[in-house]
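Structure at a glance
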Amino acid sequence: MKKMIFPVVGAGGLLAVALAIANSRRHLAVVGSAVLLVAQTNAPAQLINGAGSTFDYPAFTKWFEAYGAMDASVHFNYQSIGSGGGQQQLLKQTVDFGASDAPMSDDNLAKAPGKILHIPIVAGGVAVIYNLSLPGSPKLKLDGDIIANIYLGNITKWNDPKILALNPGVPLKEIPIVPVHRSDGSGTTFIFTDYLCSVNPAWADTVGKGPSVKWPAGIGLGAKGSEGVAGQIRQLTGAIGYAELAYADKNRMPFADVKNSSGNFISPAPDSVSAALATAKVPGDFRFSMVNAPGDKAYPIAGPSWVLVYQQQKDAGNGRKLVAFLKWAVTEGQKLSPALDYAPLPEEVQKRELDLLNTIKY
Amino acid sequence: MNETAPNQPAKNNAASQFGDRAFKGLTLLMALSVFVLIGLIGFELAHGSGIALRQFGWHFLFSSDWDPVNEKFGALPFIFGTLVSSAIGLIIAVPLSIATAVYLTELAPLWIRQPLTIFIELLAAVPSVILGLWGIFVMVPWLRGHLFPLLQKWFGFLPLFQGPIYGPSLLAGGIIIAIMILPIITSVSREILRSVPGLQREAAYALGATRWEVTRIAVLSYAKKGLFGAVILGLGRALGETMAVTMVIGNSPQIAKSLFAPGYTLASVVANEFSEATSDTYLSALFEIGLVLLGVTVLVNALAQLLLKTFAGPGVKPQH
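This section reports on the structure supplied with the text.

Some remarks on the overall build of chain A
Helix and strand counts for chain A stand at 14 helices and 11 strands. The 362 residues of chain A split such that 47% are buried.

See below:
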């Protein structure tokens, strides 16, 4: 479509000039010539399409803008239809790249018409938000076991001894806990349930992890989108839930300090997520999980988001531009991440990703 | 124009015959295209749910298990939620709508009829999402703080009104459906009542009936069939209502005795989970939910038409 615009504009300009000269309208002739000139000098730009995760959407928007200022010959179009949609569209080859918060399953990878590479592009934290209307808004300290038991329905009141033990001095009353979860499938749910699986065997056996899971029946509410979860929590005293760190930050919702595997209570922030990323074990195919990462300052509930591309690109021009953009995004683009509440990739991971990007053929 | 002598029919020449036939054919095509469209929708849904149909069979309709991780799917909680929330919506909206329609046609002073009608139709113009937002931020807190505790105090002996009150619930979903179907039932009922012939009313007055008896005997029972048709139209809308219901129903796939418990409808689960469904079985199960919704709608409409046929006697058919 975009490639057709300039020839069409050019033809229109030519027509305008011809008509103007025929009618001896000097001004119109000048304008028509200008349009013609502009149309001729602008070569059609490369258009790269992507689709997928809503979590990555703010990062992509910022990167497209910054990259477009450097290289005007390429335009990007990203549709944030969800990780599932991104994977589906990549499999159908309607987009050049997909973005997903959960790695592609082996089944889906086997179905793909070519080899698909996972390229981690951002990492983000999941904040545990709550509404207790406490004076002075003290920070709550929670650990994985308590959070899992809340969502399993075993801990039902805020003044439960386990919570009181971690938070001496906080005036917790005997109000019921209402756990809120995401009713729509989401990468945030994937990271959160991945974490609960790693800290609570009962959760791993009964519920498992995924972008959508079977939440224990009768426990709590489901709300659509992070906005829905935050909205429910804001109105219901005693509610607890989870949302992307960026969302919790921008909406100034109180969130908890969570105990990590070293025993420290860490607040979610770009540097604590970076600390988790630095100690995470990243295998060769880059499909990894970083929940409950080792490290003193690591925040335990965090996860990466991946760009999915085919190793063999169909279109040489598009492929070249896409690889150039991705190389920029994993190196220079990471400098823009902390402002958006993402954790930048550590140096060693960036180097390994550049090596991976070099294997893309076009 | 053909010149015709008086008392002679117009000449039937080939051109006007062709024009008539072409017009008839064209309108027939338009009417058939509606059938074709519905058939195509049903076919696509059936095609997409192939995997789930083969894997789960009839068990899908009776199982309460909705587990995307282990890929076990059952639609019973959603069918329950859809039917119950639509029923609550009808119970609240139908008496209100028909009473409003009776007021507008029989009792209201003439100067108020048009403005009131406009206001009611304005309610129909409110987009579903906006109503849902209003539901989350205004209606649900009010229900949680005021109406639900009152209901629990007065009717707490019934299991329907026991249990913890969160706010988002099956009852909240039913109330918002009632708000959405009120305008449509009111306007169609109003049209029906207006087309009751004046002679019927005059005959009743002549026999010595009071104002209310005239309304009851001459108008309402004459228009029974049409009013029922209006209710069916409202029910059709209620069954498919998605966004507003998703925002206030609590999105919890469970079958609970209490109306204060969160629920889930067929339309809501598709809206919530379709974009993130990655595996083929999951997608197929969601397609099958769509097929079930189509089936429920068709079944309910068919049942209603059957009931309609048992209403013997004259009646005004819905004209809209």
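With respect to the interface of chain B and chain A
Taken residue by residue, the interface counts 26 residues in chain B and 31 residues in chain A. Secondary structure elements with two or more residues in the side of chain B that touches chain A: strand 1 (66-67), helix 6 (128-155), helix 11 (243-248) and helix 12 (266-273) of chain B. When its residues are assigned to classes, the side of chain B that touches chain A shows 12 nonpolar, 11 polar and three charged.

With respect to the packing of helix 1 (residues 14-48) of chain B against helix 13 (residues 280-310) of chain B
Residue and element names in this part refer to chain B. Two numbers describe how helix 1 lies on helix 13: the axes approach to 8 Å, and their chain directions differ by 145°. Here helix 1 runs over helix 13; the crossing is left-handed. Contacts between helix 1 and helix 13 involve Gly42, Leu45, Ala46 and Gly48 on the former and, on the latter, Ser284, Phe287, Gly290, Leu291 and Leu294. Classifying every residue of the contact of helix 1 with helix 13 gives five nonpolar, four polar and no charged.

Some words on the pairing of strand 6 (residues 178-182) of chain A
Residues and elements named next belong to chain A. In terms of burial, strand 6 is largely enclosed, as five of its five residues are buried. With burial as the criterion, each face of strand 6 is covered, one bearing Val178, Val180 and Arg182 and the other bearing Pro179 and His181. Bridge count for strand 6 against strand 8 (residues 239-244) is two bridges, and the pairing is parallel. Within the sheet, the bridge partner assigned to proline 179 lies in strand 8 and is isoleucine 240. The pairing of strand 6 with strand 7 (residues 221-223) spans three bridges and is classified as parallel. Bridge pairing in strand 7 links histidine 181 to glycine 222.

Reading the values: rules and limits
Residue numbers run consecutively from 1 along every chain, following the written order of its sequence. Here the convention is simple: chains get letters from A, ligands get numbers from 1, in the order in which they are written. Since the coordinates come from a predicted model, pLDDT governs what is reported: local features require at least 70, and pairs of side-chain atoms require 80 or more to be given and counted, while whole-chain, interface and lining totals use all residues. Put simply, DSSP H or I for four residues or longer makes a helix, DSSP E for two residues or longer makes a strand, and each gets a number counted from the N terminus. Here the C-beta atoms are placed from the backbone, and a residue counts as buried if at least 20 other C-beta atoms lie within 10 Å of its own, exposed if 12 or fewer do, and partly exposed otherwise. A pair of residues counts as a contact when their C-beta atoms, built from backbone coordinates, are separated by no more than 7 Å. Ten residues, namely Ala, Val, Leu, Ile, Met, Phe, Trp, Tyr, Cys and Pro, are considered nonpolar, four, namely Asp, Glu, Lys and Arg, are considered charged, and the remaining ones, Gly among them, are considered polar. Each axis is a line fitted through C-alpha atoms, and for a helix only the stretch in contact is used; angles between axes span 0 to 180 degrees, taken between their N-to-C directions. It is the rotation of the near helix from the far one that decides the hand of a crossing: anticlockwise by less than a right angle makes it left-handed, clockwise makes it right-handed. A pair of strands is labelled paired if DSSP reports no fewer than 2 bridges between them.

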